[in-house]
Structure formats: C-alpha cells, structure tokens
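# Residue-level structural notes
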Amino acid sequence: MQTLLTSVQMRKADEYTIANKPIASVDLMEQAAKSFVKNFIRDEPDAGKNIAVLCGKGNNGGDGLAIAYLLLGAGYKNLKVYLVNFSAQKSDDYTINLQRLEETRCLKIKIDQPSAFKNINADLIIDAILGSGLNKPLKGDYLELVASINQLNKKIYAVDAPTGFFAEGKIPAPYNGIKAYKTICFQRPKINFFFPESVAATAHFEVAEIGLDEDFIQKSTTDFYLIEKQDVAERLKPRKIFSHKGTYGHALIIAGNTNTMGAALLSSMACLYAGAGLTTACIPQSGLTALNAVLPEVMALPRDEYTRIENPAKYQSIAIGPGLGVSIENERLLESLIANNIANNKVLVIDADALNIVSDRQDLLDKLPVNSILTPHMKEFDRLFGEHESWWDRVETAKNKARELKIVIVLKNQFTFICTPGGKVIINPTGNAAMAQGGMGDILTGIIASFAAQGYSSEDAAILACYIHGRAGDDLAKKRIVVTASQLAKRISKEIRALTGS
Ligand SMILES: NC(=O)C1=CN([C@@H]2O[C@H](COP(=O)(O)OP(=O)(O)OC[C@H]3O[C@@H](n4cnc5c(N)ncnc54)[C@H](O)[C@@H]3O)[C@@H](O)[C@H]2O)[C@@H](O)CC1
C-alpha cells in the first residue's frame, strides 16, 4: 500500500534523497521537470501551441524554468516564460535554472504586479508559481494574479500542485487558487486530491515518478494509505483443490422490503459472485418468488415482524440494511443481532436502513461487536455522527470513530475512505462516475459480506470489496456511459479471477 505524505514529509523525503542518494538537488529538479514534460507532451503533442509558463521564485518556479527549457528543446517554440516577481527571495535551484534559460532565445517577461498579466496570447498555461511550499492562504498580489489567470479560461497544467492549493487539511471554501485542468504531481498524489472539494482546484491529477527514496517514503509515519493492485492480489486467496461450499463460508443478507426487494437481490447476487460458499437472503414473504426466479442459488429465510435469526452462529458474516426499511421490528432485529454477534464474534456488516436505525439509536453504536463494518455514504455518515462542513472533517471523525469503537468504517465516495480500528485511513482509487446509480451500494455490501464469510478479516474484506467493486466498474465503463448494479455484480468473479490469476 502506498503511504501518502504531507507536504512537510515530502520535503523531508526530498532532503533525505539528496543526502543519501548520488543526486544533487538541482538534478532532482531536472528529473521532476523531465517527468512532467513527458506526461505533458503525451497530452499536448501539438508543439505549435502558444504556451505561457508562469514561474514563482521558489523550487516550484525552478521546476517551471526547467520545464520551459526542456519544452523548448522538444520543439515547443511558441513558449513564453512569465517570471512572477512578488518576493525578493529566490531558491538556489531557481537561480541555476534561470541562468540556463538565459542561454536560450526564450522570451522572458517579468511580472512585477498582477496587472502585467493581462491580454496574453496563450493556448495553454503551465502554473509553476507556488507548489507544495504554500504555507498560508493567498492574498494581495498573488490572489489578484491568480484571479486574472483563472479569468482567461485557458487550459492550465499545474506543476506538482495548483498555486493556492493546500495539499492536506481542510480545503477552504470558496477555493481561490489556480483552477487547473490537470495537475502533474511528483512521486505521490497529494492527500487532498482524494477529497471532493479538490475538484475546484484540479479536474484531473496524475503522478510522475521523480526518483525520491521510496524506502524513506514508505517508512514515514502517516494515517493515509492508497490501495494498489498488488495489495489486492496479495490478499486474495486462491480457491483450493478438494474444497467445497463449506470452505467458503455462509453469508446471511438481511435486506429488502415490499417495494425494495431489488436491493436484497442485488446484495445477494454480489455475495454469490464474490465467492461465498452459501448465501441466505432474509427477505419478506412477498419477495420469495422473485428470489427463487432470479437467484436460484440463494436460500431464503422468510422475514416477518416477529423474525429473530435462529442460530446466528451458523453464518460467518451477516449483512443487514439494503432496502430493509426503518421500523420498530427491524430495530429489534438489529438489536438482537448486535447482542448475538458480540457473543459469537462474527462479522456484522451494517448498511443503508440499518445505519439509519443506528442513527436514531445512538446507544447501539457503543454496543457494536468489535470489527463490525459500517458502510455509510456521506448523508448516512452525517446522520450517524453529526453534520460536517468539509470532507476533511468528516474523514477525521470517521478515523476517530473507527478507532474508538474498534470497527471498520467504509465512507463511500468517488474515492472511498476505509477507516480501520488501528487508525488508518485507506483510500480506494478505483471507481468512476458511470457507477453513480441506485443499487451500487447494495452490491458493495454483498461483496463485503461475501469476503467476510470466506474468512478474510474485516479490514481485508473492506479493502478487497472496495477495490474489486470499483475496478469492475472501471472495466465496464470503458464502453458505457453508465454501469448498472446488475451488470457490475455479474462482473465481480471475472475481476477476482483476473486479480488472482487462478
Ligand atoms: N528538491 C526539492 O525540494 C524538490 C522540489 N520540487 C518542487 O519544489 C516545490 C516546493 O518548493 P518550495 O518549497 O521552494 O516552495 P514553493 O516554490 O511552492 O513556494 C515558494 C515559497 O513561497 C512562499 N509562500 C508560501 N505560501 C505563500 C503564499 N500564500 N503567498 C506568497 N508566498 C508564499 C514560501 O515561503 C515558499 O517557500 C514543489 O512543489 C515542487 O514543485 C521538485 O523540483 C522536486 C524536488
């Protein structure tokens, strides 16, 4: 899993690399510039375009100068460099790169005041004014300059971070920094790129390797981690020879109601395709025909207002909530499960209406069995734990609650945050907007229950489920504008197969 570092930690990684590897600071900058240019040329192969490179006087500006030099060398002749001259201080590597640029015929224009940057003739802008060195909000000349750059409505590529964008911590609203089309950042994504508010700063981001010491970065202390494909491949256990349905656990899905039976069917279907040995759906009598017709592999446990789960110990995981409905009977059912699962040490997955029930019965939170998994989306999360103004605050609460209650919280979004009892925030990179449709959450719950039934820990079940769910959606979205929940469910076993190779 990739560690995600703060700007201060990244600077330490820079320093460590320079001190311990045979590479000078200016060469590291050159490496960063080369990586940026490679990606930029891939995106913008037309070397005839008018390009404005805006450089501050720190190392971000130094990168900008090195990028300009390399682009000129690659034939991008209609390139002008704007030297933003709002502070007296300049970095050494900036100075070295400026001297190198002096030896070329590149046009350089000094910007001593914001008004100097108006009516410029540029198709593209490269923003290298301020990067990860930002340590206070923009104001004065910087703010004015950034506003006039944004007003030009040009395609902007940001170097490492858009000017004015804090790489971690609460993103101030309204955002007043550079509004980039794409940010090409160095070595690691900025933590804040995974928070929805960052879309105001950059529509896209990608990461370019620059040769920082990976060992140092991986060993840095952080709360934030990013799932990689190999993490999933390593965790997935291949199915064994001589195994049978009993080897892969029994999952119980308590879901569905008269008008929401689809949720129960989708969750159960996902549970099947993710590999549980046995799946039982606890649904109202009215859904039995649908279940038997659509999912003959799934067993039924009819549910009425008096239902209590007999012998819950026979299930290795129990998921409750999709399409369940909020009622006093369901509240009692959930309460009894919580009590039973504490006794039996089984994994309980709580989703949708079951989360809404817990929101109204906060006392149940403290009683949740250790390693229970909660899967709220933003609104469900805020109903449970209070309103949050920013995603940074919301994730902080999720992290603290997961630790305090010793549970796993899967806070769903474009990039889902998996918060663990050990205090980690594990970010899932897969998934896309084509998956934004009803039923997707029901599928995720079914996959989590399936992996938990198969004996994976709660943390691993959440990691595997989120990644595979998103990856199935990504693969399906290559040829579709929308991916339905049923389509996704049917894709799950193929994805697992591709990841395990068995
Ligand atoms: N060896 C290194 O340190 C490397 C650094 N790299 C680049 O260096 C950048 C970081 O460089 P720096 O640390 O010099 O910082 P920046 O170039 O981002 O900013 C320059 C200086 O501006 C000042 N500043 C901060 N916030 C401000 C504000 N709101 N208004 C006005 N001034 C403000 C700070 O004193 C800061 O040091 C990265 O984003 C990346 O582009 C890359 O070249 C890779 C190697």
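The numbers attached to residues start from 1 for each chain and follow its sequence in the written order. Local features in this predicted model are restricted to residues whose pLDDT is 70 or higher, and side-chain atom pairs enter the listing and the counts only when it is 80 or higher, whereas totals over whole chains, interfaces and linings include all residues.

## Notes on the UniProt feature "binding site: K(+)" (unreviewed entry) in the chain
Put simply, the rule is: UniProt positions are given in the numbering used here, feature names are shortened, and annotations may be inferred rather than shown by experiment. Working definition: helices are DSSP H or I runs of at least four residues, strands are E runs of at least two. Numbering for both runs from the N terminus. Three exposure classes are used, based on other C-beta atoms lying within 10 Å of a residue's own C-beta, which is placed from the backbone: buried for 20 or more, exposed for 12 or fewer, and partly exposed in between. Throughout, a residue-residue contact means that the two C-beta atoms, derived from backbone geometry, are no farther apart than 7 Å.
Taking the UniProt record as the reference, the feature "binding site: K(+)" (unreviewed entry) is found at N60, D127 and T163. Spatially, the listed residues are clustered: although they cover 104 residues, their C-alpha atoms lie within 9.5 Å of one another. Relative to the assigned elements, D127 resides in strand β5 (residues 124–128). Judged by the 30 C-beta atoms lying within 10 Å of it, D127 is buried. Summarising the element assignment, T163 is placed in the loop between β6 (155–159) and β7 (180–186). Among all residues touching T163, those that are not within four sequence positions of it are D127, I129, L130, V146, G177 and I178.

## Concerning the nonpolar core
How we decide: Think of a nonpolar core as buried Ala, Val, Leu, Ile, Met, Phe, Trp, Tyr and Cys residues chained together by C-beta atoms that fall within 7 Å. What fixes the domain bounds is an automatic or database domain assignment.
Counting residues in hydrophobic clusters, the biggest one holds 161 residues, and the most contacted among them are V53, I67, I253 and I448. When residues of this core are assigned to domains, at least three map to each of domain 1 (2–216) and domain 2 (229–500). Aside from chain neighbours lying at most four places away, what touches V53 is G64, I67, A68, L79, V81, Y82, I126 and A128.

## A look at the site of the ligand
Inclusion rule: Put plainly, near means the residue's C-beta atom, positioned from the backbone, lies within 6 Å of the molecule or strand in question. Under the scheme applied, nonpolar residues are Ala, Val, Leu, Ile, Met, Phe, Trp, Tyr, Cys and Pro; charged residues are Asp, Glu, Lys and Arg; polar residues are all the others, including Gly.
Inspection of the region around the ligand gives 27 residues, with G58, N59, N60, G131 and G133 positioned closest. Classifying every residue of the shell around the ligand gives eleven nonpolar, eleven polar and five charged.

## Points about the pairing of strand β10 (residues 250–254)
Let me state the cut-off plainly: For two strands to be treated as a pair, DSSP must find at least two bridges joining them. Here the term right-handed applies to a crossover when the path leading from its first strand over the helix to its second strand runs clockwise, the strands being oriented away from the viewer.
When you tally the buried positions in β10, you get four out of five residues, the bulk of the element. When β10 meets strand β11 (residues 278–284), the two strands line up parallel, connected through five bridges. Bridge pairing in β11 places H250 opposite L278. Note on the crossover from β10 through helix α8 (residues 261–273) to β11: the handedness is right-handed. Where β10 and strand β13 (residues 317–320) come together, four bridges link them in parallel fashion. Each bridged residue has a counterpart across the sheet, and for I254 the counterpart in β13 is I320.

## Quick notes on the domain arrangement of the chain
Assigned domains of the chain: these are domain 1 (2–216) and domain 2 (229–500). Taking the mean C-alpha position of each, domain 1 and domain 2 sit 42 Å from one another. Each partner contributes to the interface: domain 1 provides seven residues, whereas domain 2 provides eight residues. Residue composition of the side of domain 1 that touches domain 2, grouped by class: four nonpolar, one polar and two charged.

## Side note on the pairing of β6
Burial analysis of β6 places four of its five residues in the buried class, the great majority of the element. On the question of chirality, the crossover connecting β5 to the parallel β6 by way of helix α5 (residues 140–151) is right-handed.

## Structural notes on the sheet that holds strand β9 (residues 224–226)
Here is the rule we go by: Only C-alpha atoms enter the line fits that serve as axes; for helices the fit covers just the stretch in contact. Angles between N-to-C directions range over 0 to 180 degrees.
Spatial ordering of the open sheet is given by β1-β9-β18-β17-β16-β15-β14-β13-β10-β11-β12, a layout of eleven strands whose pairing is mixed. Edge positions in the open sheet fall to β1 (2–3) and β12 (299–303), since each of these has one partner strand only. In the packing of α8 onto the sheet, contacts are made with β10, β11 and β13, and the angle to β11 comes to roughly 175 degrees.

## Description of unusual backbone geometry
Look at the link from A173 to P174: it is a cis peptide, with omega at 0 degrees. The topology assignment puts P174 in the loop between β6 and β7. The backbone phi angle of F242 is positive, close to 65 degrees, even though this residue is not glycine. If you trace the backbone, F242 turns up in the loop between α7 (229–235) and β10.

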